[in-house]
Amino acid sequence: MEDAGTTVFYDDEDDCLDYDCLHNSVEYDYDYADLEKETLRELYQYCLSPSLHDTGHYILPLLGSTILFRLFIHTEYISHKVFHILSVIIGLYIIQHYVQESLIVLIVFVLFSYGVLHVPKRWHRGAGIFLPSLLIIAYCEFSMEPVIWHKIRSVIMTMVMKAISIAIDTSDSNNLPDVYSFMGYMFCGVTCLFGPWVSFKDYLSLRCSNNHQIKWSIICGMGFAFLSFVFLSISNCWTQWIFVDNSWKWLMAYRDALSFRTSHYFVSYLASALLVLGGFPLSSSTIVKPLYIEFPRSLVQVVIYWNIPMHYWLKTYIFRPSIKNLGKFGAVTVTYLTSSLLHGLNFQLAAVLLSLGFYTYVEFQLRTILADTFDACIASKQCSKQKCAHKYNSYNCWLVFVTNLMFSGLAMFHLAYLGLMFDISDLQETGYSYSHTINKWAELGFASHWVALATFCIYILIK
């Protein structure tokens, strides 16, 4: 999915893969501030066991619907039209069961989006592609209770991404999808709740998939599900147990950021399990790569592997069209603004995403200059060992290894600072406010922003 020849600087803290969807229904209140740390037995009894048991019970309807969807794929006597209708029915059931508040809004949005596809292009000149998306986000932002909007916005975002991708893919063609395939794709029960975004082409190809690989799909799906529950236990229990509340403030920041990241890994691997069990190929079911995030070479690497499907979507439908008219920096800005808008009009998300956009742009430009100047493999993206054309690399020069290690440490520092925003306070149910964001960063002296500013000054001086 990744085009190695295309430079991408953007990121997305994907609510489509956000733990809030499950955390709102499976919530525990444990006091980790006690002077005496819980024993492992108490941790298992009061956190691990109820977390895993209740979450497993919670997702059973979703798992059953996914298996049913897979059976419909390989039932030969079901026509394509009937298959799309069944896909819609399963999707509507999932939405009704888990996020009932968004059902009517989504139905209206999907019908409106399909109508816009058939409006002559000379009447809207491309604006119609984004009009329904802007309207539904604005409506939800200003008319819904914060708790409800925070709960359903990941579902809304997945639908918006699907609608925009179809509109852009068919903008230069008169081959518009029929209403059955369009509705089946939009309400696909496998992706309508936790995502991720999948292309319309991949959805249509499900009926042509090889049914001889069902056994392998089950094995991979069970593996993804196991990993998701491992990360759930880390997010819910282990981080709070290992890093106590009276620790050093930067260690606390790392703890909260790690808890947020592992909750993202949990939902990502759960979504991967559903994709594989639902019949999607394994090649398109990889959503996140935790090792590339926890031990990053650069922030650019974090951007790419945080949410691979959305990274591809942003690169294809926002970044590449924008760079032709706005240049590299303008395209980066537009891409991050689009990502922020997809999450709703939330100051904290916008602040984190735009900060990350500035960080990655500066880091990429600085490391590119250093790599060209010293002919060393210290750019943001690592060259393959066989194709590296640099004179010095980590295998023949210890300075290159140390330099890359320092940039990795800097990336981990920035991630701890930015991820601190998404703590486990009561505000997570309604969305984090402006004051919460500023106060959190102020506690750390805005250190990450000062470091980023210093990095930018160095880049300007050696440019």
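Residues numbered from 1 in each chain as written. Predicted model: local features only at pLDDT ≥ 70, side-chain atom pairs only at ≥ 80, totals over all residues. Heavy atoms only, no water.

By the naming in an unreviewed UniProt entry, the chain is Protein-serine O-palmitoleoyltransferase porcupine, taken from Temnothorax curvispinosus. In its Sequence similarities (unreviewed entry) section, UniProt records this for the chain: "Belongs to the membrane-bound acyltransferase family. Porcupine subfamily." We quote the UniProt Catalytic activity (unreviewed entry) comment for the chain here in full: "[Wnt protein]-L-serine + (9Z)-hexadecenoyl-CoA = [Wnt protein]-O-(9Z)-hexadecenoyl-L-serine + CoA". (UniProt positions renumbered as here; feature names shortened; annotations may be inferred.)

J.: Residue-level account of the side chain of Asn 236, with values.
T.: Relative to the helices and strands, Asn 236 resides in helix α11 (residues 214–242). Residue Asn 236 is classed as buried on the basis of its relative accessible area of 13%. Within polar-contact distance, the side chain of Asn 236 engages the side chain of Ser 51 at 3.0 Å. (Helix = DSSP H or I, 4+ residues; strand = E, 2+ residues; numbered from the N terminus. Buried < 20%, exposed > 50% of the residue type's maximum accessible area, 1.4 Å probe, protein only. Polar contact = N/O pair within 3.5 Å; in protein donor to acceptor, adjacent residues only side chain to side chain.)

J.: Which residues make up the side chain of Gln 301, and what values go with them?
T.: With respect to the helices and strands, the residue Gln 301 is situated in helix α14 (residues 299–306). Residue class for Gln 301 comes out buried when judged on its relative accessible area of 14%. Within the structure, the side chain of Gln 301 is placed 2.9 Å from the backbone oxygen of Tyr 292, a separation counted as a polar contact. When near neighbours in sequence (up to four residues on either side) are disregarded, Gln 301 contacts Tyr 292, Phe 295 and Pro 296. (Contact = heavy atoms within 4.5 Å.)

J.: Explain the packing of aromatic side chains residue by residue, including any values.
T.: Describing an aromatic ring pair means giving the distance of the ring centres and the angle of the ring planes. What the rule picks out here adds up to 21 aromatic pairs. Summarising the aromatic geometry, the rings of Tyr 114 and Phe 182 are spaced 5.1 Å apart at their centres and angled 45° between planes, so their arrangement reads as tilted. Note that Tyr 114 is positioned in helix α5 (residues 103–117) and Phe 182 in helix α9 (residues 179–186), a separation of 68 residues in sequence. The interplanar angle of 5° and the centroid separation of 5.4 Å between the aromatic rings of Tyr 417 and Trp 441 together place this pair among those described as stacked. In this pair, Tyr 417 sits in helix α17 (residues 398–419) while Trp 441 sits in helix α18 (residues 434–443), placing the two residues 24 residues apart along the sequence. Taken together, Phe 224, Phe 231, Phe 260, Tyr 265, Tyr 269 and Trp 306 form an aromatic cluster joined through their ring pairs. (Phe/Tyr/Trp six-rings, centres within 6.5 Å; stacked < 30°, edge-to-face > 60°.)

J.: Residues and numbers for the layout of surface pockets, please.
T.: Considered as a void within the structure, the largest pocket measures approximately 950 Å³ in volume. Looking at the lining of the largest pocket, the elements that each hand over two or more residues are α14, α15 (308–342), α16 (347–374) and α17. (1 Å grid on protein atoms, 1.4 Å probe; cavity = no way out; pocket = protein on both sides within 12 Å on 5 of 7 lines; lining within 4 Å. Points joined across faces, edges and corners; volume = space filled by probe spheres on them.)

J.: Requested: an account of α17, with residues and values cited.
T.: With 22 residues, α17 extends 31 Å between its outermost C-alpha atoms, agreeing within 8% with the 32 Å of an ideal straight helix rising 1.5 Å per residue. Buried within α17 we find Val 400, Asn 404, Phe 407, Ser 408, Ala 411, His 414, Leu 415, Ala 416, Tyr 417, Leu 418 and Gly 419. (Expected span 1.5 Å × (residues − 1).)

J.: Describe the nonpolar core, and please don't skip the residues or the numbers.
T.: With 104 residues, the main nonpolar core has Phe 69, Ile 156, Met 186, Phe 187 and Trp 313 as its most contacted residues. Per-element tally for this core: the top contributor is helix α12 (residues 249–277), with 13 residues. Structurally, this core is a two-domain feature, drawing no fewer than three residues from each of domain 1 (78–208) and domain 2 (289–462). Once residues within four sequence positions are removed from consideration, Met 186 is found in contact with Phe 109, Val 110, Met 159, Lys 162 and Ala 163. With six residues, the next largest nonpolar core counts Ala 376, Ile 378, Ala 379 and Cys 397 among its residues. (Core = buried A, V, L, I, M, F, W, Y, C linked by side-chain atoms within 4.5 Å. Domains from an automatic or database assignment.)

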